[in-house]
Amino acid sequence: MKKTPTLLALGAALLAGAAAADEPRHPWVTLPVPLPQPSTYFTNLKDGDRIETPFVLRFGLSRTGLAAITQAVPDTGHHHLLVNRDLPLDFRQPLPFNDQYRHFGKGQMETVLDFKPGSYTLRLLLADHKHIPYFIYSKPMTITVTAKNEQVDPKSLVQPGVTLLAPRDGQTLAAPIHLQFHASGLNVSHVDIREPNTGHFRVVAQAKGGASERIAFTNGATEAWLRPPPGDYVFRLELVANAPGGAVLASSAPVAVKVSR
């Protein structure tokens, strides 16, 4: 049976990835206690929700990183959306390609649902570059589509950019603080994947009256836990190209937070 990376290995990969290749790990990067299981999840939809389509569905990933299928990268994977399907019985076999197994092999973090009215059960499953699944998946979620708006062009709903989903602007939080990243219309991958429109996340933290910190997540991580010193901060999320030169592909709106003692 194909083994998923151990929790220890995934935790080490997450920490090691939070730095550029020629830099030490940033001292703010930490892991929560108790340590959560690696998992995938939906960030903007929950079990029992009723929606109209087209609908932009967003994916989250905890404790490991994304990578496109271009090449093998240890401790990374890409999302698959299972539609009205249970988890596979054999985790040694690659996932099929059809409408019930939707692949996101470029490192995408979202898709536009185009379902007709009805009830649907959805689940996320992470797999490697050969589409062989890890034991990293979401809970099943059942939603109801109440209407399909044929006049809406699905492409019009996707605008390239990045968003810091958490923390929220104005929050006061105790460390470690949990940050959630999202990329729309752009792809996220380990820094070794140098495809067009593909990059890794970087957090820029500006302390009130202090220096600016830059923390790169080169392993394709889409969330992080940080332990900054107490104080007032403005956080901004960037997607930095993996291609030579490291251009900033997108930057989020600023988020102001207070880290309490």
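Residues numbered from 1 in each chain as written. Predicted model: local features only at pLDDT ≥ 70, side-chain atom pairs only at ≥ 80, totals over all residues. Heavy atoms only, no water.

## Section: the packing of aromatic side chains
Alright, step 1. Under the counting rule described, the total for this entry stands at seven aromatic pairs.
Alright, step 2. Seen from their ring centres, phenylalanine 91 and phenylalanine 135 are 4.2 Å apart, and the 5 degrees between their planes marks the pair as stacked. With phenylalanine 91 in the loop between strand E6 (76–83) and strand E7 (101–104) and phenylalanine 135 in strand E10 (residues 133–137), this residue pair connects regions lying 44 residues apart in the sequence.
Alright, step 3. Overall, phenylalanine 91 belongs to the buried group, its relative accessible area being 7%. (Phe/Tyr/Trp six-rings, centres within 6.5 Å; stacked < 30°, edge-to-face > 60°. Helix = DSSP H or I, 4+ residues; strand = E, 2+ residues; numbered from the N terminus. Buried < 20%, exposed > 50% of the residue type's maximum accessible area, 1.4 Å probe, protein only.)

## Section: empty space enclosed by the protein
Alright, step 1. Under the counting rule described, the total for this entry stands at one cavity of 30 Å³ or more.
Alright, step 2. Here the largest cavity is characterised by a volume of approximately 30 Å³.
Alright, step 3. What lines the largest cavity is simply Tyr41, Thr43, Phe59, Gly60, Met109, Leu165, Gln180, Phe181, His182 and Thr222.
Alright, step 4. Going through the elements one at a time, strand E4 (55–62) and strand E14 (177–184) are the ones with two or more residues in the lining of the largest cavity.
Alright, step 5. Per-element tally for the lining of the largest cavity: the top contributor is E14, with three residues.
Alright, step 6. Partitioning the lining of the largest cavity into residue classes produces five nonpolar, five polar and no charged. (1 Å grid on protein atoms, 1.4 Å probe; cavity = no way out; pocket = protein on both sides within 12 Å on 5 of 7 lines; lining within 4 Å. Points joined across faces, edges and corners; volume = space filled by probe spheres on them. Nonpolar A, V, L, I, M, F, W, Y, C, P; charged D, E, K, R; others polar.)

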